[in-house]
Amino acid sequence: CGMAQLLNEFDCERTLKNGTYWMPFTANRRVKEHPASRIITSAKGAYYYTAEGKPLFDTLSGLWCTPLGHGHPRIVEALKTQAETLDYCTAFQMANPVTVRLAERIAGMAPNGLDHVFFANSGSEAVDTALKIALGYHRLRGEGGRFRMIGRERGYHGVGFGGMSVGGIVPNRKMFANGMMNGVDHLRHTYDSAHMAFSKGQPAWGGEYAEDLERLIGLHDASTIAAVIVEPVQGSTGVLVPPVGYLQRLREICTKHGILLIFDEVITGFGRMGDNFASQRFNVKPDMITFAKAVTNGIVPMGGVIVSSDIYDTFMTGPKNAVEFAHGYTYSGHPLAAAVGHAVLDIMEEESLISRARSLEIILEEAIHSLADLEGIKDIRNIGLTAAIDLVPASDAPGARGLPLFELGLKNGLLLRCTGDTVSFGPPFISTTEQLQDMVETVRRLIVSVTQ
Ligand code: PLP
């Protein structure tokens, strides 16, 4: 009641205009021009609602994080019950059953041999944790000279110093060039529109891009390289799908040279690829998997790293009373997040939502590729319950198509994810066939209007 009163009296538009609230990854000055259109006040199922009660279809499941939709009563109940039972507990030297059991469930969903879970609170923290585990692992094995990390162009691994450094999105790096981690190199990204435009699923061409890794090993020497980190499908830069054989080859090369392979599954984990993890979809087992987002349906922040027994066992050496890994967060394995995680996994299991994501893949694929006839479209790609469209850039302003499309989406019932000239889709697993088809038909109209 107090909060409702506070909000009733509060002028959100004015505060957005004056900039007190600095918005992340946002053109803040653009928002100030039309703040009313950017305010969401509630959400239910696959829709957000604006202050005027207008529905917006959630085309990216939040930021790829709410596959079960919004306001699920079982999740709300789990959160409330947990808050009443154990609202916080330190994870340093102490444990609680809800978090411990969630580790067991997550390990049970992961590929065999990835049996240990370390919790963080976000994808960025999960990535930094995995990079630190890789450094520690080699040092404990007497190979402390392995300090280099290999990321990939166009990769997104969050915004911590580690994730930013192994990431390959130029605008995210440029301003902070002086703060990069030492010794990071990058594989080329695997996207080539000349060979793979309008592919459905994995492109047949491009597996040989994995040989880049042998070249970097030739350049730096394997004895200096700790880990390779890649997103199995590059999500944030517009669903760049791995060519057939690419991930398998990375695995072979890493194994041959004693380099750890990390799959950043912050987007692809927990069903987005129609399997528990992309590792299973592509049948490639990494040494570590990072996760976040969907594990709690985006409701309470949580992230983490699933590690192989070899890595875990390597840390469990040395004096028994010593802390084995000097790393962790105040909110690692937060009981509220863990309770939500259980509710999410229960719902996924009981409602077979991962198989549903797999069946919806075909619907989304057909619908989205039906736009191929539009002159304003340069490429369409899809895999799992994800897809992306590249628009033909405006000749005088490359990268500028997305913002007007995004703003038009808001007026036409869609919350779109547009970056540069690319629109990405990752609808909720609870979407209906009709909702996906309607989404694509609206997108057709909007693209015609912004590109003609
Ligand atoms: N890694 C990947 C693959 C991501 O897609 C993201 C976020 O989109 C992150 C890491 C960073 O996650 P967070 O924003 O929770 O820090």
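Residues numbered from 1 in each chain as written. Predicted model: local features only at pLDDT ≥ 70, side-chain atom pairs only at ≥ 80, totals over all residues.

> Please provide a residue-by-residue account of the overall build of the protein, values included.
Helix and strand counts for the protein come out as 18 helices and 15 strands. For 452 residues, the compact-globule formula gives about 22 Å, and the C-alpha radius of gyration of the protein, at 22 Å, lands near that figure. When burial is assessed residue by residue, the protein has 46% of its 452 residues classed as buried. At a minimum sequence separation of 6, the contacts of the protein that also span at least 24 residues come to 70%. (Helix = DSSP H or I, 4+ residues; strand = E, 2+ residues; numbered from the N terminus. Rg over C-alpha atoms; globule rule 2.2 N^0.38 Å. Buried ≥ 20, exposed ≤ 12 C-beta atoms within 10 Å, placed from the backbone. Contact = placed C-beta atoms within 7 Å.)

> Explain unusual backbone geometry to me, using residue names and the numbers behind them.
Of note, the phi angle at Gln-93 is positive, near 70 degrees, even though the residue is not glycine. For Gln-93, the position within the fold is in the loop between helix 5 (73-85) and helix 6 (97-109). Residue class for Gln-93 comes out exposed when judged on the 6 C-beta atoms lying within 10 Å of it. Phi at Asp-221 is positive, roughly 75 degrees, even though this residue is not glycine. Its place among the elements puts Asp-221 in the loop between helix 11 (212-220) and strand 7 (225-230).

> Residues and numbers for the pairing of strand 1 (residues 40-44), please.
Taking burial as the measure, the five residues of strand 1 include zero buried ones, a minor fraction of the element. Of the strand pairs in this sheet, strand 1 and strand 2 (residues 47-50) are connected by four bridges, and their pairing is antiparallel. Each residue of the ladder has a partner; that of Ile-40, found in strand 2, is Thr-50. Remark: two residues form the turn of the hairpin made by strand 1 and strand 2, two consecutive strands paired antiparallel; Gly-45 in that turn has positive phi of roughly 60 degrees. (Pairing = 2+ DSSP bridges.)

> Lay out the site of the ligand in plain terms, naming residues and giving numbers.
Close contacts around the ligand come from 16 residues, with Ser-122, Gly-123, Ser-124, Gly-158 and Val-266 the closest. Looking at side-chain class alone, the shell around the ligand contains six nonpolar, eight polar and two charged residues. (Near = placed C-beta within 6 Å. Nonpolar A, V, L, I, M, F, W, Y, C, P; charged D, E, K, R; others polar.)

> With reference to specific residues and values, describe the sheet that holds strand 13 (residues 414-415).
Across the sheet, which stays open at both edges, the four strands sit in the order 1-2-3-13 with mixed pairing between neighbours. Only two strands of the sheet have a single partner each, and these edge strands are strand 1 and strand 13. Summarising the sheet, strand 2 and strand 3 (residues 55-58) pair through three bridges and their orientation is antiparallel. Paired with Tyr-47 across the two strands is Phe-57, which belongs to strand 3.

> Outline the domain arrangement of the protein, supporting the account with residue identities and numerical values.
Taken domain by domain, the protein consists of domain 1 (39-71 + 352-451) and domain 2 (76-350). Computed over C-alpha atoms only, the centres of domain 1 and domain 2 are separated by 26 Å. Taken residue by residue, the interface counts 31 residues in domain 1 and 26 residues in domain 2. Secondary structure elements with two or more residues in the side of domain 1 that touches domain 2: helix 4 (61-64), helix 16 (353-369), strand 11 (377-383), strand 12 (386-391) and strand 15 (422-425). At seven residues, the largest contribution of residues to the side of domain 1 that touches domain 2 is made by helix 16. For the side of domain 1 that touches domain 2, the per-class residue count stands at 14 nonpolar, ten polar and seven charged. (Domains from an automatic or database assignment.)

> Describe the environment of Gly-304, listing the residues and the values that go with them.
Position of Gly-304 relative to the elements: it lies in strand 10 (residues 303-308). Residue Gly-304 is classed as buried on the basis of its 29 C-beta neighbours within 10 Å. As for Gly-304 and Val-340, which are separated by 36 residues in sequence, their C-alpha atoms are 15 Å apart. Leaving out residues up to four positions away in the same chain, Gly-304 has contacts with Val-117, Phe-118, Phe-119, Ala-120, Ala-126 and Phe-291.

> I'd like a description of helix 16, backed by residues and values.
With 17 residues, helix 16 extends 24 Å between its outermost C-alpha atoms, agreeing within 8% with the 24 Å of an ideal straight helix rising 1.5 Å per residue. Taking the largest bend as the criterion, helix 16 deviates by roughly 25 degrees, centred on Leu-360. Among all positions in helix 16, only Leu-353, Ile-354, Ala-357, Leu-360, Glu-361, Leu-364, Ala-367 and Ile-368 are buried. (Expected span 1.5 Å × (residues − 1). Bend = angle between axes of the 7 residues up to and from the residue.)

> Would you mind going over helix 5 in detail, with residue names and values included?
Between its terminal C-alpha atoms helix 5 stretches 18 Å, which fits the 18 Å expected from 13 residues at 1.5 Å a residue. Buried residues of helix 5: Ile-75, Ala-78 and Gln-82, and no others. For helix 5, the angular spread of the buried residues around the axis is 60 degrees, confining them to a single face. Residues of helix 5 that are exposed and point more than 90 degrees away from the buried face comprise Pro-73, Glu-77, Lys-80, Thr-81 and Glu-84. Where helix 5 is buried, its residues touch helix 6 and helix 15 (335-350). (Arc of directions from axis to C-beta.)

> So what about the sheet that holds strand 14 (residues 417-419)? Which residues, and what values?
Spatially, 11-12-15-14 is the arrangement adopted by the four strands of the open sheet, whose pairing is antiparallel. For this open sheet the edge positions go to strand 11 and strand 14, each flanked by a neighbour on one side alone. Neighbour-to-neighbour, the strand axes of this sheet turn through a mean angle of 20 degrees, independent of strand direction. Running at roughly 165 degrees to strand 14, helix 17 (residues 402-411) makes contact with strand 14 and strand 15 of the sheet. (Axes fitted to C-alpha atoms, helices over the stretch in contact; angles between N-to-C directions.)

> Can you break down the packing of helix 6 against helix 15 residue by residue, with the values?
The geometry of helix 6 relative to helix 15 is characterised by a closest axis approach of 8 Å and an angle of 45 degrees between their N-to-C directions. Compared by their axis directions, helix 6 and helix 15 come out oblique. The hand of the helix 6/helix 15 crossing is left-handed. Residues Val-98, Thr-99, Leu-102 and Arg-105 of helix 6 form the contact with helix 15, whose participating residues are Pro-335, Ala-338, Ala-339, Gly-341, His-342 and Leu-345. Along the lines of polarity and charge, the residues of the contact of helix 6 with helix 15 split into six nonpolar, three polar and one charged. (Parallel < 35°, antiparallel > 145°, perpendicular 65-115°, else oblique. Left-handed = near helix turned anticlockwise from the far one by under 90°.)

> Please provide a residue-by-residue account of the confidence of the model for the protein, values included.
Residues of the protein with pLDDT of at least 70 account for 100%, and the chain-wide mean is 97. Of the two predicted TM-score estimates for the complex, the pTM is 0.98 and the ipTM is 0.99. (pLDDT = per-residue confidence, 0-100.)

> Give a description of the environment of Gly-151 that names residues and reports values.
With respect to the helices, strands and loops of the structure, Gly-151 is situated in strand 5 (residues 148-152). Exposure remark for Gly-151: the 29 C-beta atoms within 10 Å place this residue in the buried category. Measuring from C-alpha to C-alpha, the distance between Gly-151 and Gln-5 comes to 49 Å, with 146 residues separating the pair along the chain. If we ignore the near neighbours within four places in the chain, the residues touching Gly-151 are His-157, Val-166, Gly-167, Gly-168, Val-184, His-186 and Ile-229.

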